[in-house]
Amino acid sequence: MENLHPGFLVGLLVFLLLCSAFFSSAETGMLSLNRYRLRHLAKQGHRGALRTSALLARPDRLLGTILVGNNFVNILASSIATVLAIQLWGEAGIAIATLGVTLLLLIFGEITPKTLAALHPELIAYPVSRPLAALQKVLSPVVALLGWISNGLLRLSGLDPTRKRSDNLSNEELRSVVREAGQGLSLDRRNMLLGVLDLETINVDDVMVPRNEVLGIDLEDSLDEILEQLRQSTHTRLPLFRRDINQVEGVVHMRHIAGLLSQGRLTKESLLAASLEPYFVPEGTPLATQLLNFQQLKRRFGLVVDEYGDVLGAVTLEDILEEIVGEFHSRDNQRDNEVTLQADGTRIIEGAASIRDLNRLLGWALPCEGPKTLNGLITEALESIPDCAVCLQIGDYRLEILSTEDNRVKRVRAWESSLKLMADNDTPL
C-alpha cells in the first residue's frame, strides 16, 4: 500500500468516507422511521416500505450488517489516511492522520449524514433498503457469528435477545400522538379522536341531566295538564312517573304520543301501554361501557341510579355522542344562557351549570373530580348552604354568590383572579 500513488489513496479515502456516510445515514434513517406510517405504506404495496419492513423485522441482523460495514470502512479509511500521511509528512504524519481522519469521519461520516437521516428518515431509509438487503445476504455468515456471540453475552446478563418490543400504545400515549398530529388532522377531527379516548375516563355522572332538571310526565296530573306539557316539550323521550321520579313506570317516545293524539286515543292508560320499561344505569358507569350497552340493548335513554336505587338523573345517547363530536346547537344555546358576560369582564353564571361545560366553554380549569355543578362545588368548599354576598376563591377563580333559592346557589358572579387585579389597577383614585 505504501507504493500506491497518493492520488489513488486520496480517491479511495473519499470513497470510504462516502461509504461511512451511507452506513451512518442508513442506521439513523431506519431507526427513525414512523413505524405506523411504515406499516400503512407496506399494506398499500409501497416497495421501499416492504423492503424496509422486512429488514426491520430482524433488527439484530440489520444492525449487525450496518455496524460490520461501518466499522470496516472506518478502520480501512484510518489505515489509508495513515499511509498517505506518512508518504507526505513522514513519522509526523501519524498524528496528523489521526486528527484529520477523526474530524473527517465525525463531520462527513457521522454528524452530517445522521442529522440528514433524522430530519428525513423516509428519504434515506427507502432508497438504502435495497443495497442493505444485498449486503445483509453477503455478510450473513459474519453477522450470524457476531450475533451468536453478542446474544450469548446478553443471555449471560439475564436478558432475552429474542424478545420483541411491544409497540402497543397506552391511552395517554395515543392522546399525545393525536395532539401532535399537526396538519395531518383538522382540529375538529383531533377533538373527536380525543373525545373517543376520553370515554374511558368519563362516567355517566359527568354528562347526565341532574334529577331536578329531568322532564317527565306525572301520571297524577290531569290529562289537560299532561297535554299542555306535551305541547311545550322539546324532548324525544319522556319518563312516566307518579308524583316522584323514583316512581318511574315507563319511558314513552313522542312518536307514539303523536300517533295516539292523531287517533284521539290519548289517555293515561294508553300512554303506559305505549311506553317501554325504564332502563336504569348504575352511577359511575364509564361512557365507553354505557355506549356499548345502549347499542346492545337498542336503547337511547337511561335513568342513572345510586346504590339505593334512587334516581340521580338521566343520560341519553346524545349526551355520550356530544362528548365525541361536541355540543349540538340546541344544547349550545342552553349553555350560553347559563353564562352571561358582563362589561367589566366578569361572568354571571347559573348555579346549576355543569363544571365540565364551564371549563369547556370558558377555557377554565375548575376542579371537576367531585361535585358536577357550580352549586355543588361552592357548597362543598364552604361546607354549608351559603348566604348571598359570600365570596370565595377556588383555585385561580373568585366567586361571589348573588342569589340562593331552595337551599342551593342560584346565581354567581365569577372571574379569574388576574382579571380582578387588572380591574382594580385601572380604577382611578
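Everything here concerns the structure above.
Residues numbered from 1 in each chain as written. Predicted model: local features only at pLDDT ≥ 70, side-chain atom pairs only at ≥ 80, totals over all residues. Heavy atoms only, no water.

Chemist: Quick question: what am I supposed to make of the packing of aromatic side chains here?
Modeler: Each aromatic ring pair is specified by the distance between its two centres and by the angle formed by the two planes. One pass over the structure, following the stated rule, counts three aromatic pairs. Measuring from centroid to centroid gives 6.0 Å for tyrosine 279 and phenylalanine 294, while their planes differ by 65°, and the two rings are edge-to-face. Placement of the pair is tyrosine 279 in the loop between helix 13 (268–274) and strand 5 (280–282) and phenylalanine 294 in helix 14 (residues 287–297), with a sequence separation of 15 residues. The same class applies to tyrosine 279 as to phenylalanine 294, namely buried. Between tryptophan 364 and tyrosine 397, the aromatic rings sit 4.8 Å apart at their centres with planes inclined by 25°, giving stacked as the arrangement. In this pair, tryptophan 364 is assigned in the loop between helix 17 (355–362) and helix 18 (374–382) and tyrosine 397 in strand 11 (residues 397–405), connecting sequence segments 33 residues apart. Of the two residues, tryptophan 364 and tyrosine 397, neither departs from the other in class, the shared state being buried. (Phe/Tyr/Trp six-rings, centres within 6.5 Å; stacked < 30°, edge-to-face > 60°. Helix = DSSP H or I, 4+ residues; strand = E, 2+ residues; numbered from the N terminus. Buried < 20%, exposed > 50% of the residue type's maximum accessible area, 1.4 Å probe, protein only.)

Chemist: Help me out: how do you make sense of the side chain of threonine 65 in this one?
Modeler: Within the secondary structure layout, threonine 65 lies in helix 4 (residues 59–89). Looking at threonine 65, the relative accessible area reads 1%, which means it is buried. There is a polar contact of 2.9 Å between the side chain of threonine 65 and the backbone oxygen of arginine 61. Among residues more than four places away in sequence, those in contact with threonine 65 are Phe23, Leu132, Leu135, Gln136, Leu139 and Val143. (Polar contact = N/O pair within 3.5 Å; in protein donor to acceptor, adjacent residues only side chain to side chain. Contact = heavy atoms within 4.5 Å.)

Chemist: Help me understand helix 14, please; the structure alone is not making it clear to me.
Modeler: Since one α-helical turn is 3.6 residues long, residues separated by three or four positions face the same way. Buried within helix 14 we find Leu287, Ala288, Gln290 and Phe294. The buried residues of helix 14 all sit within an arc of 165° when viewed along its axis, so they share a single face. The elements touched by buried residues of helix 14 are helix 10 (204–207), strand 5, strand 6 (301–305), strand 7 (311–316) and helix 15 (317–325). (Arc of directions from axis to C-beta.)

Chemist: Is there a simple way to explain unusual backbone geometry in this structure?
Modeler: Glycine aside, a negative phi is what most residues show, and trans is what most peptide bonds show. A positive phi is found at lysine 298, a non-glycine position, where the angle reads about 60°. Take lysine 298: it is sitting in the loop between helix 14 and strand 6. Judged by relative accessible area, lysine 298 falls into the exposed class, the value being 72%. Phi at asparagine 407 takes a positive value of approximately 60°, unusual for a residue other than glycine. Structurally, asparagine 407 can be placed in the loop between strand 11 and strand 12 (408–416). The class of asparagine 407 is exposed, set by a relative accessible area of 64%.

Geometry only, nothing functional implied.
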